Amino acid sequence: MNTEKNQRLVLLAANISYILVLLDSSIVNVALPAIRNGLAIGTDTLQWMVNVYLVIFASLLLSGGPCATASARKPSIWPACCCLSLPHCYVV
């Protein structure tokens, strides 16, 4: 019974992390015209910037769980998700 609860919590944490990445991707895509005009860059450079940003964001977000487990602070994925979502709430 306890392992089933843990599996559901892990699935919930992974889904919330994925939703945060999707939300951040949408926000960045909406801001692309302003970024392009402000930096005076081409479409190919802009695409590389977005891809690098999203890969770094997703890898930092998803590596939070193993880092928290290694430091014996298992519930720390939730504060990390909250801290990463605060800027999104401010923008929206």
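Just so you know, these numbers come straight off a predicted model, no measurement behind them. (Residues numbered from 1 in each chain as written. Predicted model: local features only at pLDDT ≥ 70, side-chain atom pairs only at ≥ 80, totals over all residues. Heavy atoms only, no water.)

Visitor: Could you give an account of the confidence of the model for the chain, with specific residues and numbers?
Guide: In the predicted model, the chain carries a mean pLDDT of 76, and the fraction of residues at 70 or more is 71%. Mean pLDDT across the secondary structure elements of the chain bottoms out at helix α5 (residues 77-91), with 65, and peaks at helix α2 (residues 32-39), with 87. (pLDDT = per-residue confidence, 0-100. Helix = DSSP H or I, 4+ residues; strand = E, 2+ residues; numbered from the N terminus.)

Visitor: Provide a residue-level description of the pattern of salt bridges, including the pertinent values.
Guide: When the charged atoms of two side chains lie near each other, side chains of opposite charge can form a pair. By the definition in use, this model includes 1 salt bridge. Among the salt bridges present, the one from Arg-8 reaches Glu-4, with a minimum N-O distance of 3.3 Å. Taken together, the residues span about one helical turn, with Arg-8 and Glu-4 both in helix α1 (residues 2-30) at a distance of 4 residues. Given the relative accessible area of 40%, Glu-4 is considered partly exposed. (Salt bridge = Lys/Arg side-chain N within 4 Å of Asp/Glu carboxyl O. Buried < 20%, exposed > 50% of the residue type's maximum accessible area, 1.4 Å probe, protein only.)

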